[in-house]
Amino acid sequence: MKRIEAILQDVRFQKSLLRIEQLEQQRIFCRHGLEHLLDVARIAWILTMEGQLPLDKEIVYGAALLHDIGRDRQYEEQIPHHQASAGLAAEILPEAGYNLAETTLIIDAIAQHGKPNSEQSSLAQVLYQADKLSRNCFRCTVQDQCKWPEEKRNRTILW
């Protein structure tokens with residue numbers, strides 16, 4: 001997956017990921033480092049295959065790897081992370097080899113990944129679902145302090 005390697009090697013991606021990890025070092029809730037991004041990518045791909053959705057693996061992985069990459073800007077500049085992530089993705093994706101249609105699809109999915117609705121693309125729906133399923137709320141030691149509504153929490157390893 002040549003384009004995925006290009007994303008992972010992108011200096012902007014690496015810089016943002018490092019900054020997110022630094023900013024979340026003391027965070028007691030779910031973190032948004034590479035482990036989370038890869039979990040979302042793998043779960044999204046499983047959901048894509050199980051749903052027999054017509055999505056390319058590099059599209060699914062690209063969206064998942066970039067969906068939270070703007071978290072550092074949310075923490076430091078109060079820019080909503082989905083907007084900051086979409087903006088950074090718009091810079092990275094074309095340089096990684098994604099065409100305009102693919103870039104637009106991924107950016108739209110990233111921009112919408114926090115609020116599901118039935119009119120979203122299948123990629124946006126898969127990204128939202130995978131993001132939530134990646135969280136192990138059933139094992140969380142600080143769940144009584146979490147502000148996530150109960151319907152967003154993942155209480156099982158099965159879906």
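### Focus on the packing of helix 1 (residues 2-9) against helix 2 (residues 11-23)
Packed helices, taken two at a time, are described by the angle their axes make and the gap between the axes. Where helix 1 meets helix 2, the axes come as close as 5 Å, and the angle between the chain directions of the two elements is 55°. Between helix 1 and helix 2, the angle falls in the class oblique. On the side of helix 1, the interface is formed by Ile7, Leu8 and Gln9, while helix 2 contributes Val11, Phe13 and Gln14. Its residues assigned to classes, the contact of helix 1 with helix 2 comprises 4 nonpolar, 2 polar and no charged.

### Examining the packing of aromatic side chains
Per the stated rule, a full pass over the model turns up 0 aromatic pairs. Positioned over the ring face of tyrosine 98 is arginine 3, at 4.2 Å from the centre of the ring.

### Details of the nonpolar core
In this structure, Ile7, Phe13, Leu66, Leu93, Tyr98, Ile106 and Leu123 are the most contacted members of the largest nonpolar core, which totals 38 residues. Those elements giving two or more residues to this core turn out to be helix 1, helix 2, helix 3 (34-50), helix 4 (57-66), helix 6 (81-96), helix 7 (100-112) and helix 8 (122-133). When sequence neighbours within four positions are dropped, the list of residues in contact with leucine 123 reads Leu55, Ile59, Val60, Ala63, Leu105, Ile106 and Ala109.

The rules behind these values
Residues numbered from 1 in each chain as written. Predicted model: local features only at pLDDT ≥ 70, side-chain atom pairs only at ≥ 80, totals over all residues. Heavy atoms only, no water. Axes fitted to C-alpha atoms, helices over the stretch in contact; angles between N-to-C directions. Helix = DSSP H or I, 4+ residues; strand = E, 2+ residues; numbered from the N terminus. Parallel < 35°, antiparallel > 145°, perpendicular 65-115°, else oblique. Contact = heavy atoms within 4.5 Å. Nonpolar A, V, L, I, M, F, W, Y, C, P; charged D, E, K, R; others polar. Phe/Tyr/Trp six-rings, centres within 6.5 Å; stacked < 30°, edge-to-face > 60°. Lys NZ or Arg CZ within 6 Å of the ring centre and 35° of its normal. Core = buried A, V, L, I, M, F, W, Y, C linked by side-chain atoms within 4.5 Å. Buried < 20%, exposed > 50% of the residue type's maximum accessible area, 1.4 Å probe, protein only.

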